[in-house]
Every structure is written in C-alpha cells, then in structure tokens.
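Examination of the molecular architecture
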Amino acid sequence: MAALLEVRDLSKRFGGFVALEGIDLDVNQGERLGLIGPNGSGKSTLVNCLCGTLRNETGNVHFDGLAMDGLSAHRRARLGLARSFQLPRPFPSLSIADNLRIPLLYVVGARPGGGLGEAALEARAGELLAMVGLADKARRLPGDLTQIEMRKLELARAMAGEPKLLIADEAMAGLSPTEVDDILALLAQLNEAGVTIILIEHIMRAVMNFSERLVVLVAGHKIADGKPEDVIRNAAVVEAYLGQ
Amino acid sequence: MRRGDKGSAARENVAAPAPSAARRSATFLAAAVAVALLAFLAARSVGNDYVFFAGYVVLQYIVLATAWNILGGYTGYVNFGTAAFFAAGAYSSVVLHKLVPLPLVVHILVGGLVSGLIGLGVGYLTLRLRGVFFSIATLAMAVVMQTLITNWEFVGGSRGTYVIRPAAVPIVGDYIQYLFLVMALLAALAVWVARQIEGSRLGYGFATIRDDEVAAEASGVPTLRLKLIATTVSGAFMGMAGAPYPYYVTYLDPASGFNLAYAVNSIAMPLVGGTATWAGPVIGAILLGSIQQLATVTISSALNLLLVGVILVGFVIAAPNGIMGLLQKRRP
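Being a predicted model, the structure only gives us computed values, none of them experimental.

In terms of helices and strands, chain A carries nine helices and 10 strands. By the compact-globule yardstick of 18 Å for 244 residues, chain A fits well, its C-alpha radius of gyration being 18 Å. Each principal axis of the C-alpha distribution contributes one length, and for chain A these read about 55 × 40 × 35 Å. When burial is assessed residue by residue, chain A has 55% of its 244 residues classed as buried. Considering only contacts in chain A between residues 6 or more positions apart, those separated by 24 or more positions represent 65%. Across chain A, the 26 positively charged side chains and the 30 negatively charged ones have centroids separated by 4 Å.

This is how it looks when you write it as structure tokens:
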C-alpha cells in the first residue's frame, strides 16, 4: 500500500538561505510520527510547504494518492490535511464555537454531502468543544482563553475538518507536564479513531511516549528516520543536539 | 469520523438555509422596503421639494456606507476609492443617456455591472496587497480613473456634461420624488444584502479574512475567491448609488463625480456607526448625512468635511467600535 503522505526531494529557499533541502519522507496511514530538530532546522517550514502556506521550489508532495503541487492551502485542507499553528492563530472576533464553525462550513461543508444545517453545525461544534473540555466557553472570545485553552481550541479547529492527517506543530510548547499529558491523550484518542498524526515537538518526553517513528531535521536536512529509541542513539542526532 | 475523499474539494456547495432563516430574511426585506416607502410618504407629507433633495443624499450615503462596509467592515480591506466606483456608475449613466436613454432602473443595473467589474478587476490586481498598501492602491485607482474621465471628450471631459432629466414620472410625480423613492428602495436592497451576508457562510468567511488570512486558508476558506466576491459586491453597490446621480445634479463634471467627500464619508459613516453589523453604516449614514445636510442649510456647505473630521476623531478616541459597539457594551 502506498503511503498516505509522500514527500520527494522537497527544497525551499528564502533568498540565499536554504531552509529545506532534498527532504524525502513517507508517512503511512494511521501512523504516529514525531518530527524533531533544533530551532531553525526547518520543521515549521516543512509544515508550511506540506499544507500549501508556502510554495516549495523543488520536489513534490503526494497526499492520499493525489499530487498537492500548486494546490492552495484551503484545497489541501478540504482533501483532509489539517494543521495546528505553532503560535495559536484563532479568529479573535469570532466566539469559540464560531471558530469551529469555520472548518465545519468550509472544509466539511465543501465535501459532497457534507453541508450541515444550523442545528447540526451547533451540535458538531458542541461535540468538539466537549472533546477538548471547552464546552462551557463556547460563547466566549478567544481573547478570554488561557494558553492551554488556546492550544486546545487550535487542535479542535484542526480536528473539526475531519482530517486524514493532522500535523500538530508544537501544540505543547510552554505547557505544564499535566497539560502536556492532556494534549497527548487528545492526540492519542484521535489516532485511535484513525487519524494519522505528525507531532512536532521539543518536549522529548512527549515525543518519545507518543511517536512510533521519529524523524530528525537539522539545518534543512533529514539526518535520521527510524524507531525513536534507535534515533536518539544515532551519533549524528546526538551531535546535532549536544555538540561534539 | 472521516468523510473526506478525492475530487470533493473542487465543489463549493452552499448549504441551504433553514426555512426559518429564509422566512426571517424575507421579513427583513419586507420591513426594509416598508421603511423605504414610509420615508418616501413622510417626505411627501412635508410638502417641500427640498426634503427630497436633502433626503436623497442621505439615502445615497446609506448605500455607499453599506457597500463600503461589505469590503471594509466585513473583510477588513479599507477602500479609499469609493469615489471611483461611484463615478463609474454615474458616468456609465451619462454614456447610456447619450447613446440610448433607458429607464432609470436599467441605468442603475448597468452602473452596478460596470462598477462591479471594476471591483473585480481591482480585486485581482491588488490581491497580494494587504493593509495600508491595498488602501493606497485603491486611492491610486481613483486618481487614474479621474484622469481618464477628465480626458474623455464624449462624457464632457473636464468641462463636464449636462443631463436633462424628465420633469415628471407617471404615478410618482415630480422627478426628484422619483429619484428619492428609487434611492430609498436601493438602500433597502443594499442593507438587506449586507444583512444576508453577515449571518451566512460567506459572512463567516469574510470575518476570518479580517482576522487571519493564513489561519482562514488552513480552515478551508478560499480567501482569494471571497475577497473577489467582496470587492465585486461592494463596487457594484457603489456604482448603483452613482448611476442616478447625473439625473440628480443634472450637471456632472469629474470634480463632483470623483469628490473626495464620497471616500471620506463612506469610511467615516461605518466607523461612526460601527463596522461589525449592517446597522452600523445605516446609523452612521443617517447621523452624519443629516448633520451635513443641516449644516449646509444653516451654516455653510464648506463645513461638511470639517464636521465629519471632528466627529470621526471624537469617535475614534471615545468609541472605537462606533455607536453599535457602545450599545452592545451596555448590554449585560
């Protein structure tokens, strides 16, 4: 069976700076993949290229058997590729419930037979909020939320589009250990339901617990790809993180 | 849990609104038309034609402010070029008048079409510009269009052109009364369209563009297409407001058609009233429009923009969300 996500020879430059070079990556259906790397190694740039926010100069991305090249970000979202942002980017003028209404209207609603009536929209947004524990804040604005609630909203919005693949870009940065466990439980629950997950994270405890496979980016190159316990013993990875 | 499959992304189906929503929207349209007719009857009962001349301008500003707000308030793209869209409507009316004079309603439709297409074109050309750069581009567009019209002999060039309007219209009576009635109905239509957009899928999409375009795309919102819809609808209503203008003034020159006052007022009115809902531009237009008309009669016509400026500064400092914002804050 072909992989759900296939990345071949992907490169991205910003002017003279090479952010990513020759990235090859396969992610299988149902997999839990951890993506790590030092700051500035190109993790978020890779996410942006996969999701269509940035355009890669070379290489191509296949998702669910379809070529993604040239497709806009909203098209990719509708095909089942969802992402959360490293720094939460809610819609500040819309209530928490209405933040979730957007992907329900524009991702789910754009699929054949996906159009939801007013009652169904309310119900679905309510379910998602209950799932992340924000049900009592449905009518509040994102500005009223705490940091962890904001990250939960970010995940809920990504999940609302019923994705096949969810890329969680540092969904746990700055959270306390129990809050990290909350988010991990949420992601594990999603994965159980069949969603493939790419977790980008600095918190090694979370990455090691969650990931079935670990990929390491350093300075725009993929330097390791394999079982987590093997990867962290890999000499190149140790060198990248700790120096010689 | 998953429903996505291939080939589905291309389709853009609009979920049918619930019957109750459809009924509410029909009720609103009926109410808006009723208010327009009431305004007409009220103006008639005064028995002075000046009421129609002054009222027409206020109604025209309701259309312009509402149109501006569809782009500026809902999607957050500030258009400084209202005068260009307005004048495009007015001058397409002049051209029609010179070639084949048709009923006023047809002129309005043509004016709307012309300005809507200009809106679409401006949208395409300025898509990559955000914030203040978009605003500067619209201002530049207005200057370019004014130069083109000034050098177009057929519509009178810089000298301007006379448009002789019929003295009266059957049933309604005096032509100025007819113009007032038409503009009142157009205002009702514009407000209804704005309200329709607000609660719809389109309105939610517009709000996400205003809030965060990158996050909007990630949530499936086709930002490019929605921005084009906004510039087109907004431009079209501005053109429709401008189409009857030559018949109102009977003499149109570029300086009056492209008057800065249109750009300033159509921004100031929604800001004073509140940009979040359809009611804001209406309140702002009635308030500022009436004050301007009163000042013109009682003090001087040169005072208009000064008044607008002072009021706007006051609101920006004391009530940045406009009158509607103040009202909503009061609510528990």
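Here the narrative resumes.
On to the overall build of chain B, then. If you tally the helices and strands in chain B, you get 15 helices and four strands. Relative to the compact-globule value of 20 Å for 332 residues, chain B shows a C-alpha radius of gyration of 20 Å, a close match. When its C-alpha atoms are laid out on the principal axes, chain B stretches across 65 × 50 × 40 Å. Looking at chain B residue by residue over its 332 residues, the buried ones come to 53%.

This part is about the packing of helix α2 (residues 49-72) of chain B against helix α13 (residues 279-298) of chain B. Residues and elements named next belong to chain B. Put simply, α2 and α13 touch, their axes get as near as 8 Å, and they point 145° apart. For the pair α2 and α13, the sense of crossing is right-handed. Across from Tyr50, Ala54, Val57, Val58, Tyr61, Ile62, Ala65, Thr66 and Asn69 in α2, the residues of α13 making contact are Pro281, Val282, Ala285, Ile286, Gly289, Ser290, Gln292, Gln293 and Val297. Tallied by class, residues from the contact of α2 with α13 come to 12 nonpolar, six polar and no charged.

Another point: a nonpolar patch on the surface. Residues and elements named next belong to chain B. Together, Leu99, Val100, Leu102, Val106, Trp152 and Phe154 make up a nonpolar patch on the protein surface, roughly 520 Å² of accessible area in all. Among the structural elements, tryptophan 152 can be located in the loop between α5 (132-150) and β1 (161-162). In this structure tryptophan 152 comes out as partly exposed when scored by relative accessible area, which is 39%.

Residues and elements named next belong to chain A. Direction of pairing for strand β9 (residues 213-218) relative to strand β10 (residues 221-226): antiparallel, over a ladder of five bridges. Directly across from valine 215, in β10, lies its bridge partner aspartate 225. Hairpin geometry of β9 and β10 is characterised by an intervening segment of two residues between the two adjacent antiparallel strands and by a positive phi of about 50° at alanine 219.

The final tally for this structure, using the stated rule, is 22 salt bridges over all chains. The residue lysine 227 of chain B makes a salt bridge to glutamate 213 of chain B at a minimum N-O spacing of 3.0 Å. On the criterion of sequence distance, the pair formed by lysine 227 of chain B in helix α9 (residues 223-242) and glutamate 213 of chain B in helix α8 (residues 213-218) is long-range, its members being 14 residues apart. Accessibility expressed as a relative area gives 8% for lysine 227 of chain B, which makes it buried. By sharing partners, the salt bridges in this structure join Asp98, Arg101, Glu118, Glu122 and Arg139 of chain A into a single network.

Residue and element names in this part refer to chain B. Helix length check: helix α14 (residues 304-318), at 15 residues, gives a terminal C-alpha distance of 21 Å against a target of 21 Å (1.5 Å per residue), a fit within 8%. The complete set of buried residues in α14 reads Asn304, Val308, Ile311, Leu312 and Phe315. With its buried residues spanning 105° around the axis, α14 presents them on a single face. Along α14, the residues that are exposed and aim more than 90 degrees away from the buried face are Leu306, Val310, Ile317 and Ala318.

Residues and elements named next belong to chain B. Here phenylalanine 53 lies in helix α2. Taking the C-alpha atoms as reference points, phenylalanine 53 and valine 169, 116 residues apart in sequence, are found 16 Å from one another. Beyond its immediate chain neighbours, meaning those up to four positions away, phenylalanine 53 contacts Arg165, Ile176 and Tyr248.

Before going further, it helps to spend a moment on the nonpolar core. Among the nonpolar cores identified, the biggest contains 139 residues, and Leu166, Met172 and Leu187 of chain A are the most heavily contacted of them. If you tally residues by element for this core, the top one is helix α6 (residues 175-198) of chain B, at 17 residues. Core analysis: the second largest hydrophobic core is formed by 26 residues, Val7, Leu165, Ile167 and Ile198 of chain A among them.

Turning next to the interface of chain B and chain A. Size of an interface: often given as the accessible area lost when the parts come together. Facing 34 residues of chain B, the contacting portion of chain A comprises 42 residues. In total, about 3500 Å² of surface goes out of reach between chain B and chain A, with carbon and sulfur atoms giving 58% of it. Arginine 89 of chain A is the salt-bridge partner of aspartate 212 of chain B, the closest N and O atoms lying 2.8 Å from each other. If you look at where chain B meets chain A, you find eight residue pairs in polar contact (both at pLDDT 80 or more). Looking at the side of chain B that touches chain A, the element that brings in the most residues is helix α7 (residues 201-211) of chain B, giving eight residues.

This paragraph deals with the side chain of glutamate 217 of chain B. Turning to its location among the elements, glutamate 217 of chain B is positioned in helix α8. Summary of buried charges: glutamate 217 of chain B has no salt-bridge partner, and the nearest side chain of opposite charge, arginine 55 of chain A, is 7.1 Å away. Within polar-contact distance, the side chain of glutamate 217 of chain B engages the backbone nitrogen of histidine 74 of chain A at 2.7 Å.

This brings us to the state of the cysteines. Taken as a whole and assessed by the stated rule, the structure comprises zero disulfides over all chains. We note that cysteine 49 of chain A lacks a disulfide partner, and the nearest cysteine sulfur, in cysteine 51 of chain A, lies 9.6 Å from it.

A separate point is the pairing of strand β4 (residues 58-63) of chain A. Residues and elements named next belong to chain A. Inspection of the sheet shows strand β1 (residues 5-14) paired to β4 by five bridges, in the antiparallel sense. Across the sheet, glutamate 6 pairs through a bridge with histidine 62, a residue of β4. Here β4 hands over to strand β5 (residues 66-67) after two residues, with aspartate 64 in that stretch at a positive phi of 55°.

The next subject is the packing of aromatic side chains. We describe a pair of aromatic rings using the distance from one ring centre to the other and the angle between the two ring planes. Under the defined criterion, the tally for this structure stands at 17 aromatic pairs over all chains. Every member of this aromatic cluster is reached through a ring pair, and the members are Phe53, Tyr56, Tyr61, Phe86, Tyr245, Tyr248 and Tyr262 of chain B. Positioned above the aromatic ring of phenylalanine 210 of chain A is the side chain of arginine 32 of chain A, whose terminal nitrogen or guanidinium carbon lies 5.5 Å from the ring centre. Across from the ring centre of phenylalanine 85 of chain A, 5.2 Å away, lies the NZ or CZ of arginine 89 of chain A, which sits over that ring.

This brings us to the packing of α2 of chain B against α9 of chain B. Residues and elements named next belong to chain B. For the pair α2 and α9, the least separation of the axes is 7 Å and the interaxial angle reads 170°. With respect to α9, the element α2 is oriented roughly antiparallel. Touching Tyr56, Gln60, Val63, Leu64, Ala67, Trp68, Ile70 and Leu71 of α2 are Ala230, Thr231, Val233, Ser234, Phe237, Met238 and Ala241, all from α9. Within the contact of α2 with α9, the residues separate by chemical class into 12 nonpolar, three polar and no charged.

About the cut-offs
Numbers given for residues are sequential positions, taken from 1 along each chain in its written order. Whichever chain is written first becomes A and whichever ligand is written first becomes 1, with later ones labelled in order. In view of the model being predicted, local features appear only for residues whose pLDDT reaches at least 70, and side-chain atom pairs are presented and counted only at 80 or more, with totals across whole chains, interfaces and linings using the full set of residues. Note that water and hydrogens are dropped before the side-chain values are worked out from all heavy atoms of the structure. The helix and strand labels rest on DSSP assignments: H or I over at least four residues marks a helix, E over at least two residues marks a strand, and numbering proceeds from the N terminus. As a reference, a globule follows 2.2 Å times the number of residues to the power 0.38, and the radius of gyration itself is taken over C-alpha atoms. Burial classification: accessible surface area is computed with a 1.4 Å probe over protein chains only, and a residue below 20% of its type maximum counts as buried, one above 50% as exposed, and the rest as partly exposed. Whether two residues are in contact is decided by their heavy atoms: any pair within 4.5 Å suffices. Neither His nor the chain ends contribute to the count of charged residues, in which Lys and Arg are positive and Asp and Glu negative. By convention, the charge on Lys lies at NZ, on Arg at CZ, on Asp at CG and on Glu at CD. To get an axis, fit a line to the C-alpha atoms, keeping to the stretch in contact for a helix; angles then go from 0 to 180 degrees between the N-to-C directions. Crossings are sorted by hand: turned counterclockwise from the far helix by less than a right angle, the near helix makes the crossing left-handed, and turned clockwise it makes it right-handed. Note on residue classes: Ala, Val, Leu, Ile, Met, Phe, Trp, Tyr, Cys and Pro are nonpolar, Asp, Glu, Lys and Arg are charged, and everything else, Gly too, is polar. Each patch is built from salt-bridge-free residues with over 30% relative accessible area, joining like charges within 9 Å and nonpolar side chains (Val, Leu, Ile, Met, Phe, Trp, Tyr) within 5 Å. Per-residue and other accessible areas were derived by the Shrake-Rupley procedure at a 1.4 Å probe size, with only the shown protein chains allowed to occlude residues. Any carboxyl oxygen of Asp or Glu that lies within 4 Å of a side-chain nitrogen of Lys or Arg is treated as forming a salt bridge with it. Pairing between strands is defined by DSSP: at least two bridges between them are needed. Each residue after the first adds 1.5 Å to the expected span of a helix. Comment: arc refers to directions from the helix axis out to C-beta atoms. Take the buried residues of types Ala, Val, Leu, Ile, Met, Phe, Trp, Tyr and Cys, join any two whose side-chain atoms come within 4.5 Å, and each joined set is a nonpolar core. Take the accessible area each of two parts loses on contact, using a 1.4 Å probe, and add the two losses: that sum is the buried area. For this analysis, a polar contact is any N or O atom pair within 3.5 Å, provided that within protein one partner can donate a hydrogen and the other can accept it, and provided that sequence-adjacent residues contribute only side-chain to side-chain pairs. A pair of cysteine sulfur atoms is labelled a disulfide when the two atoms are within 2.5 Å. Within 6.5 Å between ring centres, the rings of Phe, Tyr and Trp (the latter by its six-membered ring) count as paired, and their orientation is classed by plane angle as stacked under 30 degrees, edge-to-face over 60, tilted in between. Distance and angle both matter: a charge sits over a ring if NZ of Lys or CZ of Arg is within 6 Å of the ring centre and within 35 degrees of the ring normal. Roughly parallel covers angles under 35 degrees, roughly antiparallel covers those over 145, roughly perpendicular covers 65 to 115, and oblique covers all other angles.

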